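Read off the chains here:
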Amino acid sequence: MRIYNRITEQAQARIPKDWLQIQTVDMHTGGEPLRVIISGYPPLEGNNILEYRRYCKKHLDYLRQALMFEPRGHADMYGCLIVPPNDPKADFGVIFMHNEGYSTMCGHAVIALSTLVAEQGWMDIEEGMNTLRIDAPCGRIESHIQVEKGKVVDVNFHGVPSFVIALDQEVDVPGIGRVVYDLAYGGAFYAYVDLDKNKLELDLHAHSTDKLIDHGRRIKQAVIEHGIGFHHPFEADLSFLYGTIFIGPPISEIADSRNVCIFADGEVDRSPTGSGVSGRMAIHHARNEIEAGDVLTIESITGSLFTGSVVNVQTYGPFTAVIPEVSGTAHMTGIHTFIIDPRDPFKDGFLLR
């Protein structure tokens, strides 16, 4: 009884002063997790987001692993670090991280961050539409936060110029066969695989997750090794294939189609994938299937929904690009103080998958 009383009276664990403490707020957007690092990270060196990202990769990657991997995270964990913006015209910058490394764009994170910043009072909000400007590795994202009675009810963002590299390409995938895919960029490069155009024994349901991971990994590697290639017109750091997006029919009557994105090292996006929806807007526009202002509703493997549309069209290097608008909602799930015990043999994390 005496120990019970001590526990209930103190109600706080003691943390040795020499242990690193990292504070986070955890969110989800359409079921996809986001661990927002708000304090405790060592100082970064650099003058812009891409330089901060390179510094993290070179010097602080053990912390990415500690926060994304088990036992603090899991194979499908996703996170971000808030950093200074590239210039005073933006409100803040962000570096995205996951089980494989650091991505260039993340729509679900933009939606979650916008919700968090508004609801925590970190920005001055008013009834109606509020605007945030966020510097991501891919460029500046403009986020629009709809507030009603002091609460965030919807977030949409205008992404970076999104464009198509090629449509209806074919690649031989070991263990699968010939696959038809589109290659497009929406802040990150994806290979889009429409089930209607391929004879794949796949469905986009949760019970097929393991098979989707396997196929997504195989297709991604085949496109990297034998595809037509992909290069961002202005920044070499953005020139890599992030994942495979499978497209199929929706289950919900209010959705137009379904996205399942397999990205990084076999992560499964629980949301419809904001950067993936952005790239799809470029694909549909290139096929003359949508015009500016047309709205598509896309569901995820969990049934969560994003809407996507084209705001305008512009020339971007050698490409005709669209500025996409993607909208969704996010929710806070926890507030954490993670500690790094220097004696812990698993302090840097591990993954079983």
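How each quantity is defined
Throughout this description, residue numbers start from 1 for each chain and increase along the sequence as written. A pLDDT threshold of at least 70 governs which residues receive local features in this predicted model, and a stricter bar of 80 or more applies before side-chain atom pairs are shown or counted, although totals over entire chains, interfaces and linings include all residues. Calculated side-chain values reflect all of the structure's heavy atoms, with hydrogen atoms and water omitted. A run of H or I in DSSP counts as a helix once it spans at least four residues, and a run of E counts as a strand once it spans at least two, with each numbered from the N terminus. With the radius of gyration taken over C-alpha atoms, the globule rule is written as 2.2 Å times the number of residues to the power 0.38. For every residue, the accessible area (1.4 Å probe, protein chains only) is compared with the maximum for its type, and the residue is labelled buried under 20%, exposed over 50%, or partly exposed between those bounds. In this description, accessible areas are obtained by the Shrake-Rupley approach with a 1.4 Å probe, and a residue is regarded as covered only by the protein chains that are shown. Residues scored as charged are limited to Lys and Arg (positive) and Asp and Glu (negative), so that His and the chain ends carry no count. Where a charge sits is defined by one atom per residue type, namely NZ (Lys), CZ (Arg), CG (Asp) or CD (Glu). Here a residue-residue contact requires only that any non-hydrogen atoms of the pair lie within 4.5 Å. Stacked, tilted and edge-to-face are the three classes assigned to paired rings of Phe, Tyr and Trp, where Trp is represented by its six-membered ring and a pair needs centres within 6.5 Å; plane angles under 30 degrees give stacked, over 60 edge-to-face, the rest tilted. We define a polar contact as two N or O atoms separated by no more than 3.5 Å, with the added condition that, inside protein, one atom must be a possible hydrogen donor and the other a possible acceptor, whereas residues neighbouring each other in sequence contribute only through side-chain atom pairs. Domain delimitation in this document rests on an assignment produced automatically or drawn from a domain database. Defined in terms of a 1.4 Å probe, buried area is the accessible area two parts forfeit on being brought together, summed over both. Whenever a carboxyl oxygen of Asp or Glu lies within 4 Å of a side-chain nitrogen of Lys or Arg, that contact is scored as a salt bridge.

In this structure, what is going on with the overall build of the protein? I would like to understand it.
When you go through the protein residue by residue, the secondary structure sums to 6 helices and 17 strands. Relative to the globule expectation of 20 Å for 353 residues, the C-alpha radius of gyration of the protein, 21 Å, shows essentially globular dimensions. Counting over 353 residues, the protein shows a buried share of 53%. Carbon and sulfur atoms make up 49% of the accessible area of the protein, which amounts to about 16000 Å² in all. The centroid of the 30 positive side-chain charges in the protein is displaced by 8 Å from the centroid of its 46 negative side-chain charges.

Is there a simple way to explain the environment of Ala118 in this structure?
With respect to the helices, strands and loops of the structure, Ala118 is situated in helix H4 (residues 107-119). Expressed as a C-alpha distance, the spacing of Ala118 and Ile145, which sit 27 residues apart in the sequence, is 7.9 Å. Excluding its chain neighbours within four sequence positions, the residues that come into contact with Ala118 are Met123, Ile125, Ile145 and Val152.

Explain the packing of aromatic side chains to me, please; I cannot follow it from the model alone.
Two numbers describe a pair of aromatic rings. These are the distance of the centres and the angle of the planes. One pass over the structure, following the stated rule, counts 13 aromatic pairs. Ring centres of Phe163 and Tyr316 lie 6.0 Å apart, and the angle between their planes is 35°; on these two criteria the pair is classed as tilted. Highlighted residues: Phe163 in strand S8 (residues 163-173) and Tyr316 in strand S15 (residues 305-316), separated in sequence by 153 residues. For Phe163, a relative accessible area of 0% translates into the label buried. The structure contains a cluster of three or more aromatic residues connected by ring pairs, namely Phe163, Tyr185, Phe189, Phe230, Phe234, Tyr316 and Phe319.

So what exactly am I meant to see when it comes to helix H2 (residues 49-59) here?
The periodicity of an α-helix, 3.6 residues per turn, causes residues three or four positions apart to be oriented the same way. The set of residues buried in H2 consists of Ile49, Leu50, Tyr52, Arg53, Tyr55 and Cys56. Where H2 is buried, its residues meet helix H3 (61-68), strand S3 (79-83), strand S4 (92-97) and strand S5 (128-136). The opening residue of H2, the one whose side-chain oxygen lies 3.2 Å from the backbone nitrogen of Leu50, is Asn48.

Is there a simple way to think about the domain arrangement of the protein in this case?
Many descriptions give the size of an interface as the accessible area lost when the pieces come together. By the assigned domains, the protein splits into domain 1 (15-158 + 332-340) and domain 2 (162-328). Averaged C-alpha coordinates put domain 1 and domain 2 at centres separated by 23 Å. On the domain 2 side, the residues contacting the 28 residues of domain 1 number 33 residues. Summing both sides of the interface, domain 1 and domain 2 together bury roughly 2200 Å²; the carbon and sulfur share of this comes to 51%. Remark: the boundary between domain 1 and domain 2 carries 4 salt bridges. Between Asp76 and Arg270 there is a salt bridge; the shortest N-O distance is 3.4 Å. Linking domain 1 to domain 2 there are 13 residue pairs in polar contact (both at pLDDT 80 or more). Counting residues per element, the ones that place at least two in the side of domain 1 that touches domain 2 are H2, H4 and strand S7 (151-158).

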